[in-house]
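# Structural description and commentary
So the chains spell out like this:
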Amino acid sequence: MAKDLKISYLLDFYGEMLTETQREAVDAYYNQDLSLSEIAQDREISRQGARDSIKRAEQLLIEMEGKLGLARRFQDMHRALALICDCALNIQDLNAEHGAVPEIDENVGSILSYAEEIVEKD
């Protein structure tokens, strides 16, 4: 069974919506890099039982992302924030080249500060 690291990412967003058993099995497989045999042994189930539990949890995580899109929106927001910061820094550079208006630098500083606050809340 090939590991799709997207599942580990989705676990961060939707893990609390899985059962504790499913969450622990997916975490063990993707984040702790345990084999199916190791997971089965830890839980005293068959290897096939461990695989089935992980597969069901993966499907649930993918369905939740399909319906809610939280991980996609999170990535989109971070991309947009990076672009905003790049634009703010470009404005700051242009301002420095063309007269250094203090209000422009203050506004750039505010934009970067607000963007940093948003990132820290995540």
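Residues numbered from 1 in each chain as written. Predicted model: local features only at pLDDT ≥ 70, side-chain atom pairs only at ≥ 80, totals over all residues. Heavy atoms only, no water.

## A short note on the packing of aromatic side chains
Condition: Working definition: a ring pair exists when centres of Phe, Tyr or Trp rings (six-membered ring for Trp) sit within 6.5 Å. Plane angles under 30 degrees give stacked, over 60 give edge-to-face, the rest tilted. Secondary structure elements follow DSSP: runs of H or I no shorter than four residues count as helices, runs of E no shorter than two count as strands, and numbering proceeds from the N terminus. Each residue is placed in one exposure class: buried if its accessible area under a 1.4 Å probe, protein chains only, is under 20% of its type's maximum, exposed if it is over 50%, and partly exposed if it falls in between.
A complete count under the given rule lists four aromatic pairs for this structure. Arranged with centres 5.2 Å apart and planes meeting at 65 degrees, the rings of tyrosine 9 and phenylalanine 13 form a pair that is edge-to-face. Remark: phenylalanine 13 and tyrosine 9 occur in helix H1 (residues 5–14); sequence separation between them is four residues, near one turn of the helix. Exposure remark for phenylalanine 13: the relative accessible area of 27% places this residue in the partly exposed category. Ring geometry for phenylalanine 13 versus phenylalanine 74: centroids 5.4 Å apart, planes at 65 degrees, classification edge-to-face. Taken together, the residues span a long stretch of sequence, with phenylalanine 13 in helix H1 and phenylalanine 74 in helix H5 (residues 70–97) at a distance of 61 residues. Aromatic ring contacts, followed pair by pair, group Tyr9, Phe13, Tyr14 and Phe74 into a single cluster.

## With respect to unusual backbone geometry
Trans is the prevailing form of peptide bonds, just as negative phi is the prevailing case for residues other than glycine. Located in the positive-phi region is glutamate 44, a residue other than glycine, with phi close to 55 degrees. Owing to a relative accessible area of 75%, glutamate 44 belongs among the exposed residues under this scheme. Located in the positive-phi region is alanine 100, a residue other than glycine, with phi close to 50 degrees. Counting through the fold element by element, alanine 100 comes out in the loop between H5 and helix H6 (102–121). Residue classification places alanine 100 among the partly exposed residues on the basis of a relative accessible area of 38%.

## Considering the pattern of salt bridges
Selection rule: Should a side-chain nitrogen of Lys or Arg be within 4 Å of a carboxyl oxygen of Asp or Glu, the pair is scored as a salt bridge.
All chains considered together, the criterion is met by three salt bridges. Where aspartate 76 meets arginine 72, a salt bridge forms, and the shortest distance between an N and an O atom there is 3.7 Å. With aspartate 76 and arginine 72 both in helix H5, this residue pair falls four residues apart, about one helical turn. The shortest N-O distance in the salt bridge between arginine 79 and aspartate 76 comes to 2.8 Å. One end of the pair, arginine 79, and the other, aspartate 76, are both in helix H5, three residues apart, so they sit about a helical turn from each other. On the basis of relative accessibility, which here comes to 49%, the residue arginine 79 falls in the partly exposed class. The exposure class of aspartate 76 is partly exposed, given its relative accessible area of 35%. Linked through salt bridges whose partners overlap, the residues forming this network are Arg72, Asp76 and Arg79.

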